[in-house]
Amino acid sequence: MKTLREYLAWAKEKQVAIGHFNISDSEGFKAVVETAKELGVPVIIGVSEGERDFIGLEEVISLVKTARANGLPVFINADHTYSVEKAKLAIDAGVDSVIIDAADKTLEENVKMTREVVEYARSKNTEIIVEGELGFIGKSSKLLDALPEGVSLETQTKPEEALEFVRATGVAMLAPSVGNVHGIVKTGEPKLNIERIQAIAETVGIPLVLHGGSGNQEEEFREAIKAGIRIIHINTELRVAYKEGIEEGLKSGEIAPYKFLAEGVEEMKKVVLGRLKIFNML
Ligand SMILES: [Zn+2]
């Protein structure tokens, strides 16, 4: 089976993006993997620090390895990791990729931390992909009333800064700030800066990752993919779907978890299906 690195090259060739969905339990995993299987596309399971504490990092890696042993191209990413120490733990545990997120630190500190994780990953297994973040995009996967403080056009990532960052750190993927924001802003803001995505992609020459995909429109996604986005993160939309599905499932007074949770899985699957079709141009 292709590695994640090989799938990224495949995605570039096909001009598509690989879907990255955050989960915190086996139901989320099931919803994502079953849907990707139905469509026959690769998919990435994302676990943030909080999510991996809940499901267990080794446990979720086992789920991913089982899926792969069954022939499904499923990969696991240690999403937003805020310390070098936790990034190293994730690498040791066997993730396919890890994001060291020091975007809210000074550039110097961000470069230093990211570089350390890249060197550690290389010393362990050259297939492990390290993603760096440059430019602040907020931290919360929630429904927001307004844009988070510190996110604006001025704070968007600049192509020449991105190139300097990639050269100084050796990252294989970059998450820029390009009008994207974590969570769903109720006002529908912001819009993706497609020209900026294209300029960064052409300058750095490595795959770009779009975080905070929840709430963006289909056409924006298609343009962003054409401009060089190769992975798109969806989290908040799945959380909302899961909660609403479980609420429906509980209405009947059902007490069997596999029955009331099943409605949550169904709702998540609808979200995953819609997003994967767009990302894979299906
Ligand atoms: Zn993110």
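Residues numbered from 1 in each chain as written. Predicted model: local features only at pLDDT ≥ 70, side-chain atom pairs only at ≥ 80, totals over all residues.

What follows concerns the overall build of the protein. Within the protein one finds eleven helices and ten strands. Relative to the 2.2 N^0.38 estimate, which gives 19 Å for 282 residues, the radius of gyration of the protein is 18 Å and therefore close to what a compact globule would have. The burial tally for the protein puts 52% of its 282 residues in the buried class. Contacts spanning at least 24 positions in sequence make up 67% of the contacts within the protein whose residues lie at least 6 apart. (Helix = DSSP H or I, 4+ residues; strand = E, 2+ residues; numbered from the N terminus. Rg over C-alpha atoms; globule rule 2.2 N^0.38 Å. Buried ≥ 20, exposed ≤ 12 C-beta atoms within 10 Å, placed from the backbone. Contact = placed C-beta atoms within 7 Å.)

Right, let's get into the packing of helix α8 (residues 194-204) against helix α9 (residues 218-227). Between α8 and α9, the least distance of the axes is 8 Å, while the angle of their chain directions is 20°. Taken as axis vectors, α8 and α9 run roughly parallel relative to one another. Classified by chirality, the crossing of α9 by α8 is right-handed. Contacts from I194, I197, Q198 and A201 of α8 reach α9 at E223, A224 and A227. Tallied by class, residues from the contact of α8 with α9 come to five nonpolar, one polar and one charged. (Axes fitted to C-alpha atoms, helices over the stretch in contact; angles between N-to-C directions. Parallel < 35°, antiparallel > 145°, perpendicular 65-115°, else oblique. Left-handed = near helix turned anticlockwise from the far one by under 90°. Nonpolar A, V, L, I, M, F, W, Y, C, P; charged D, E, K, R; others polar.)

For A241, the location among the structural elements is in helix α10 (residues 236-251). Judged by the 20 C-beta atoms lying within 10 Å of it, A241 falls in the buried class. Ignoring any residue separated from it by four or fewer positions in sequence, one finds A241 in contact with E267, M268, K270 and V271.

Take the pairing of strand β7 (residues 173-176) next. The side chains of a regular strand alternate between both faces of the sheet. Burial along β7 is two-sided: M173 and A175 and L174 and P176, pointing in opposite directions, are all buried. Bridge count for strand β5 (residues 129-134) against β7 is four bridges, and the pairing is parallel. Residue pairing for β7: L134 is matched across the bridge by P176. (Pairing = 2+ DSSP bridges.)

The next point concerns α8. Burial in α8 covers these residues: R196, I197, A199, I200, A201 and V204. Buried residues belonging to α8 abut α7 (159-169), β7, β9 (208-210), α9 and β10 (229-234).

Glancing now at the nonpolar core. Formed by 82 residues in total, the largest nonpolar core has its most connected members in V32, I45, V98, V130 and L174. With eight residues, the top contributor of residues to this core is helix α11 (residues 257-279). Contacts of V130, omitting those with residues within four sequence positions, involve V98, I100, V117, V118, A121, V171 and A172. Formed by five residues, the second largest nonpolar core is a distinct cluster that contains I137, V151, V181 and V185. (Core = buried A, V, L, I, M, F, W, Y, C linked by C-beta atoms within 7 Å.)

This paragraph deals with unusual backbone geometry. The backbone of Q15 shows a phi angle near 55°, a positive value even though the residue is not glycine. Here Q15 is to be found in the loop between α1 (4-14) and β1 (18-22). By C-beta crowding, Q15 is classed as exposed, having 12 other C-beta atoms within 10 Å. Positive phi is not limited to glycine here, since M281 has a value of about 55°.

Before going further, it helps to examine the pairing of strand β3 (residues 74-81). Counting buried positions over the eight residues of β3 gives eight, a clear majority of the element. Pairing between strand β2 (residues 43-47) and β3: five bridges, direction parallel. What sits directly across from V43, in β3, is V74. Strand direction decides the pairing type here: β3 and strand β4 (residues 97-100), joined by three bridges, are parallel. Its bridge partner being in β4, N77 is matched across the sheet by S97. Between the parallel pair β3 and β4, the chain is carried across by helix α5 (residues 84-93), and the sense of this crossover is right-handed. (Right-handed = clockwise from strand over helix to strand, strands pointing away.)

The next point concerns α10. For α10, with 16 residues, the first-to-last C-alpha span of 23 Å sits near the 22 Å given by 1.5 Å per residue. Inspection of α10 places T236, E237, L238, R239, A241, Y242, G245 and G249 among the buried residues, and these make up the whole buried set. Where α10 is buried, its residues contact β1, α2 (26-39), β8 (184-185), β10 and α11. Positive backbone phi, at 85°, marks G253, one or two positions downstream of α10. (Expected span 1.5 Å × (residues − 1).)

Structurally, the position occupied by T35 is in helix α2. Measuring from C-alpha to C-alpha, the distance between T35 and G71 comes to 15 Å, with 36 residues separating the pair along the chain. With residues up to four places along the chain from it excluded, the contact list for T35 reads K269, V272, L273 and L276.

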